[in-house]
Amino acid sequence: MHYEIERKFLVRDAVFKRFSVKTYRIRQGYIAHDGGNTVRVRIRDGQGFLTIKGPSRDGVSRYEWEREIPLSDAEELFLLCRGGAIDKTRHLVPAGPGKYFEVDEFYGDNEGLVMAEIELDSPDQPFERPAWLGEEVTGDPRYYNSYLLHHPYKHW
């Protein structure tokens, strides 16, 4: 089993864009979301992905299974998604040797929300914290994409 160990932060300002080494657009929807389990379909730069995630065990780590699928299959699976889709741009920003912040700028009903995530090898692994990194929101369910789909940031 693969466990994703991830910490999430709000982003203070757009300074991170100066350090971004890759940017791509993401559209994702949720086929199922129940008891912390999610089944997600995603299109990223013309590629399709299907992801299954389990509930968070400790607010930081959770089971994750992801596979690339044909783009046509991903587009078809969007027909099964409930509540629309999340639309965002992701920026990859170096965070030390072999690590990156994935900084997401949201659009639509979540416009104005900018979050950074970093995947770690262990929950207590140290990492560089740039000045543009804001408040930590790891484990706060309001910042899960599946939550944002039904409780958009603009209504907070």
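Let me sum up the structure you'll find in this document. (Residues numbered from 1 in each chain as written. Predicted model: local features only at pLDDT ≥ 70, side-chain atom pairs only at ≥ 80, totals over all residues. Heavy atoms only, no water.)

### Things to note about the overall build of the protein
Okay, step 1: Of the regular secondary structure elements, the protein holds two helices and nine strands.
Okay, step 2: Expected size for 156 residues packed as a compact globule is a radius of gyration near 15 Å; at 15 Å, the protein falls within 12% of this value.
Okay, step 3: A fraction of 59% describes how many contacts in the protein between residues 6 or more apart in sequence connect residues 24 or more apart.
Okay, step 4: Carbon and sulfur atoms form 50% of the exposed surface of the protein, whose accessible area is close to 8,300 Å².
Okay, step 5: In the protein, 22 side chains carry a positive charge and 26 a negative one; their mean positions are 2 Å apart. (Helix = DSSP H or I, 4+ residues; strand = E, 2+ residues; numbered from the N terminus. Rg over C-alpha atoms; globule rule 2.2 N^0.38 Å. Contact = heavy atoms within 4.5 Å. Areas by Shrake-Rupley, 256 points an atom, 1.4 Å probe, with all protein chains shown as cover. Lys, Arg positive; Asp, Glu negative; His and termini not counted. Charge placed at Lys NZ, Arg CZ, Asp CG, Glu CD.)

### So, unusual backbone geometry
As a rule of thumb, non-glycine residues mostly have phi less than zero, and peptide bonds are mostly trans rather than cis.
Okay, step 1: A positive phi is found at D45, a non-glycine position, where the angle reads about 50 degrees.
Okay, step 2: Looking at where D45 falls in the secondary structure, it is placed in the loop between strand 3 (37-44) and strand 4 (47-53).
Okay, step 3: Relative accessible area serves as the criterion here: at 48%, D45 is assigned to the partly exposed category. (Buried < 20%, exposed > 50% of the residue type's maximum accessible area, 1.4 Å probe, protein only.)

### Regarding the pairing of strand 3
Okay, step 1: Pairing geometry for strand 2 (residues 22-34) and strand 3, over eight bridges, is antiparallel. Of the residues in strand 3, the one forming a bridge with I26 is R44.
Okay, step 2: Between strand 2 and strand 3, which follow one another and run antiparallel, lie two residues, and G35 among them has a positive phi close to 60 degrees.
Okay, step 3: Connecting strand 3 to the next strand, strand 4, in antiparallel fashion are two residues, including D45 with a positive phi near 50 degrees. (Pairing = 2+ DSSP bridges.)

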